[in-house]
Amino acid sequence: MSEGLGGASARTASAIGNVVAFGSGEVLLPAWIDRRPDGLYVDAQTAARERGFPTFVERVFAAGAYFVSLDYPLFLSLLYELDAPPGVPQRLAADIAPFPAQRRALYRGVKIAGDKSAADYLFEPLEIEVEEHVLTESGVMEMRKRGEPTQLDFDEFVAAMWEKGLRFGIDEPLVRAAIAGGQPQRLTVARALAPVPGKDASIEEKTANLRRDNAPRILPDGRMDLRQFKNRFPQIAGGARLLKKIPRTPGKSGRNVAGALLEPENPKDFDFAALAGPGTRVVKGMDGEYLVSAMDGFINIDNKTNQLSVTEKMISREGVSMKTTGDVALAGDEFEEYGEVKDRRVVEGKHMTFFADVFGRIVSRGGRIVFKACIAGGQATSPGGSIVVEGRASSATLEARGGEIRIESAEGCEIVANRIEIAHAVNCNVLGEEVQIDKSEGCAIAGKHVRIAQSGARKEIETIIAVLVPDMTRHERNASALEAERERLERQIAELDTRQARMEEEVSGFKQFLALAVTIAKGGAKLSDAHEANWRQAQARFAAPLREWQGLQKLRSEAQRELENLRAELAALADKKAHAGDGIGCSIERIVGDTLVRRLAFQPDQAITSGTQAGELASRLREFGVSGDRLFWGASGSFAWRHDTGECAVGQEV
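I will try to describe carefully the structure that is included in this document. What you see is a predicted model, and the numbers here were worked out from it, not measured in a lab.

Along the protein chain, the regular secondary structure elements total 11 helices and 41 strands. Scored against the burial criterion, the 654 residues of the protein chain give a buried share of 41%. Counting only contacts in the protein chain whose residues sit at least 6 apart along the sequence, the fraction spanning at least 24 positions is 49%. Accessible area for the protein chain stands at about 33700 Å²; split by element, carbon and sulfur atoms hold 48% of it.

What follows is the structure in structure tokens.
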């Protein structure tokens, strides 16, 4: 094939020559292609610099030639500059050979999608016409043609598809497998390379005092929308890095199967300096552009100016609403709000005080929530913390599971806490470990220890008090199962003791051997040489019974350990049962309207104000219960009852 490469070195030039002067399949090689004994090597860097590789490929295929043993991935990389060019010459192909018309005719048309995203090809069995000399019956040699089975060739396939417009993205393993298989099938032989989108410029938070959500959204005009920062008030030190601008990253172009360039969308950018409010400044360093605090203080986000500022105090006077702050998440411990918290707005923090009315949702991280005015139709939660309503709570949900709640006046509220104190409650549902209410009207109350100064009805709705008493059914069932297991282990240990004692009696000398073994193991006896020999003989004699005896001893030790654990568990269950009813009781100093007091069972191994049990108990607050559980039902007098002693005192109104 030396002539196909231009023959002598005189034909090699620094550019592709005029192929008209060459024979079929002959191509003048450019200077950046080196023909070596094992193939054609390309200086990719020079080819990329001179941008001559696409022209060279066009000349090869136009000359009726194709690349033999083509490195197709390298071919695409050089053709479309998909990757950085390597620094050393790369082997492109073994040779360049003519592509005969007879072979070219084997390659049928390819079906390219309208958007040039893919290309399909129909593979089928093929024959090629060959000529041969045949001796006829009359003794004359004739030239005859016949069809001979043949296969396609991947290298030829690349050249043939190039002429048909398929110039990128051929699935080489798929095509080679289809050619080798020889089965008729239509396959998608090429797919476009979709462009990789770039990344918009964004914000990276550089302090834990900011929220840890995604960076703020970029508006279509390039400005930053900081409303998703939720207007926090974290404390920050002067000079601390708050935000870092992540520059936009350009995308990567793709190609359709025709080789045309597919450009990604241009990523968006924004003006970082526009975010710097009072108390902050933009600093440019070697590692990027930062927004830093210029003073010690609290972070504040102004939705009107779309700026981040650092101020001296964490005090808000504008209220919380969709028009002002949106939802608020506070990183600091102390927060005061002098404006209203509107409906459906959320404020998250720790110790929070609200001086105006609250209609939204307040969430504390186990801290203190104080309402100086009113909470109406809203919700306040502080797990393990406290909630104080100095004004009035109306149609609100107040939860301090594991903590306490104190309310001056409540109407139509859902209240859950370990300890609850209410001055005046009307039509409320109350669930707690300890509940103390000065005046209850039409409420449903459940607790272990309930104290009410005055109880009555409200608009024909009675007050229902459920004294929570432990349901020991599960406890007894567990204790019974443990007792049965204890008895089984004691029987097992006794049986093992009997078997060991029988062995010691039935095997002559074995009991003395065991006693001597214990003495020797403890160092209580020293053996002479003669005694040592006798001791080894005894060990050999009693080896089999000793192994059996030790196996029984191992089983006994395991059973004994399990028995001790069971006894400890039974003791703990007994102690738990003995104290399960401590402090349980109810006292009502004065009854002035319909009041029902009943028992309501709870599971003592679960907290009554958290988990599924809290929901179950809350759903049963308004039930009257069965007659056996009712302790009192009346409209006057007084009532007192203790669970541990069963004492019940009912007083009559004087």
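Another aspect to go through is unusual backbone geometry. Residue Arg51 is not a glycine yet carries a positive backbone phi of 55°. Mapped onto the secondary structure, Arg51 falls in the loop between helix H1 (44-50) and helix H2 (53-62). For Ser395, which is not glycine, the phi torsion reads 50° and is therefore positive. Inspection of the secondary structure puts Ser395 in the loop between strand S31 (386-394) and strand S32 (397-411). Residue classification places Ser395 among the partly exposed residues on the basis of a relative accessible area of 49%.

Take the nonpolar core next. Ranked by size, the top nonpolar core spans 63 residues in total, and within it Val347, Phe354, Ile362, Phe371, Leu398 and Ile415 carry the most contacts. By residue number, the principal contributor to this core is strand S33 (residues 414-426), which donates six residues. Counting 55 residues, the second-largest nonpolar core is a separate cluster that includes Leu40, Phe61, Ile179 and Leu187.

Once their charged atoms are close, side chains differing in charge can pair, the charge on each being opposite to the other. Tallied over the entire structure, the rule returns 25 salt bridges. With its nearest N and O atoms 3.0 Å apart, the salt bridge here joins Glu172 to Arg176. Of the two residues, Glu172 and Arg176 both sit in helix H6 (residues 172-181), four residues apart, roughly one turn of that helix. Linking Arg486 and Glu490 is a salt bridge whose minimum nitrogen-to-oxygen distance equals 2.8 Å. With Arg486 and Glu490 both in helix H7 (residues 473-506), this residue pair falls four residues apart, about one helical turn. Each member of the salt-bridge network shares a partner with another, and the members are Glu483, Arg486, Glu490 and Arg567.

Okay, the packing of H7 against helix H8 (residues 510-521) next. The N-to-C vectors of H7 and H8 enclose an angle of 110°; their axes lie 6 Å apart at closest approach. It follows from the interaxial angle that H7 and H8 lie roughly perpendicular. Counting all contacts with H7, which are made through Met503, Glu504 and Glu505, the residues of H8 involved are Phe510, Lys511 and Leu514. Residue composition of the contact of H7 with H8, by class: three nonpolar, no polar and three charged.

Our next topic: the packing of aromatic side chains. The way to describe two aromatic rings as a pair is by their centre distance and the angle between their planes. Summed over all chains, the structure comprises 24 aromatic pairs. A ring pair is formed by Phe75 and Trp162, whose centres lie 6.4 Å apart and whose planes are at 70°; its orientation type is edge-to-face. Of this pair, Phe75 sits in helix H3 (residues 72-80) while Trp162 is found in helix H5 (residues 154-163), placing the two residues 87 residues apart along the sequence. The same class applies to Phe75 and to Trp162, which are both buried. Between the aromatic rings of Phe270 and Phe272, the centroid separation amounts to 6.3 Å while the plane-to-plane angle is 65°, which identifies the pairing as edge-to-face. You'll find Phe270 and Phe272 in the same group, each marked buried. Taken together through their ring pairs, the aromatic side chains of Trp32, Phe53, Phe56, Phe61, Phe67, Tyr72, Phe75, Phe154 and Trp162 make up a single cluster.

Moving on: the sheet that holds strand S6 (residues 111-112). Within the open sheet, the three strands sit side by side as S6-S7-S10. Their pairing is antiparallel. Looking at strand neighbours, the two that pair on one side only are S6 and strand S10 (185-191), the edges of this open sheet. Here six bridges tie strand S7 (residues 118-123) to S10, and the two strands are oriented antiparallel to one another. Across the sheet, Asp120 pairs through a bridge with Thr188, a residue of S10.

Turning our attention to the packing of H3 against H5. Running from N to C, H3 and H5 point in directions that differ by 30°, and their axes come no closer than 12 Å. The orientation of H3 with respect to H5, classified from their angle, is roughly parallel. Here Tyr72, Phe75, Leu79 and Tyr80 of H3 come into contact with H5, specifically with Phe154, Val158 and Trp162. When grouped by side-chain class, the residues that make up the contact of H3 with H5 number seven nonpolar, no polar and no charged.

For Ser440, the location among the structural elements is in strand S34 (residues 429-441). Of the residues examined, Ser440 reaches a relative accessible area of 1% and is grouped as buried. Only 3.4 Å separates the side chain of Ser440 from the side chain of Thr463, close enough to count as a polar contact. Beyond its immediate stretch of four places on either side in the chain, Ser440 contacts Ala425, Ile445, Ile452, Gln454, Ser455, Gly456 and Thr463.

Of all nine residues making up H3, eight are buried, and the element is well covered by its neighbours. Looking at H3, one finds that the buried residues are Tyr72, Leu74, Phe75, Leu76, Ser77, Leu78, Leu79 and Tyr80. Immediately downstream of H3, the backbone of Glu81 shows phi near 55°, a positive value.

The next point concerns the sheet that holds strand S2 (residues 39-42). If you trace the three strands from one edge of the open sheet to the other, you get S1-S2-S4, paired in antiparallel fashion. Taken across any chain shown, the strands that pair with only one partner, and hence form the sheet edges, are strand S1 (33-36) and strand S4 (90-93). Taking the axes of each pair of neighbouring strands and ignoring which way they run, one obtains an average angle of 40° across the sheet. Here S2 runs beside S4; their pairing, made up of three bridges, is antiparallel. Directly across from Val42, in S4, lies its bridge partner Gln90. Contacts between H3 and the sheet are confined to S2 and S4, with S4 contributing the most and set at about 105° to the helix.

So, on to the environment of His449. Secondary-structure assignment places His449 in strand S35 (residues 444-456). The contact partners of His449, leaving out residues within four places of it in the chain, are Glu433, Glu434, Val435, Gly583 and Gly585. Side chain to side chain, His449 and Arg451 meet in a polar contact 3.2 Å long.

So, on to the pairing of strand S24 (residues 334-337). Only one face of S24 is covered, namely the face carrying Phe335 and Glu337; the face carrying Glu334 and Glu336 is uncovered. As paired strands, strand S22 (residues 315-316) and S24 are joined by two bridges and run parallel to one another. Its bridge partner being in S24, Ile315 is matched across the sheet by Glu336.

For the rest of this paragraph, the subject is the pairing of strand S19 (residues 288-293). In terms of residue burial, S19 counts as a mostly covered element, since five of its six residues are buried. Examined bridge by bridge, strand S15 (residues 241-246) and S19 share four bridges and lie antiparallel to one another. By the bridge assignment for S19, Lys244 is matched with Tyr290. In this structure, strand S18 (residues 280-285) lies alongside S19, joined through six bridges in antiparallel fashion. From the neighbouring strand, Arg281 faces S19, where its bridge partner is Val292. Counted between consecutive antiparallel strands, the loop separating S18 from S19 contains two residues.

Rules of the game
- Residues numbered from 1 in each chain as written.
- Predicted model: local features only at pLDDT ≥ 70, side-chain atom pairs only at ≥ 80, totals over all residues.
- Heavy atoms only, no water.
- Helix = DSSP H or I, 4+ residues; strand = E, 2+ residues; numbered from the N terminus.
- Buried < 20%, exposed > 50% of the residue type's maximum accessible area, 1.4 Å probe, protein only.
- Contact = heavy atoms within 4.5 Å.
- Areas by Shrake-Rupley, 256 points an atom, 1.4 Å probe, with all protein chains shown as cover.
- Core = buried A, V, L, I, M, F, W, Y, C linked by side-chain atoms within 4.5 Å.
- Salt bridge = Lys/Arg side-chain N within 4 Å of Asp/Glu carboxyl O.
- Axes fitted to C-alpha atoms, helices over the stretch in contact; angles between N-to-C directions.
- Parallel < 35°, antiparallel > 145°, perpendicular 65-115°, else oblique.
- Nonpolar A, V, L, I, M, F, W, Y, C, P; charged D, E, K, R; others polar.
- Phe/Tyr/Trp six-rings, centres within 6.5 Å; stacked < 30°, edge-to-face > 60°.
- Pairing = 2+ DSSP bridges.
- Polar contact = N/O pair within 3.5 Å; in protein donor to acceptor, adjacent residues only side chain to side chain.

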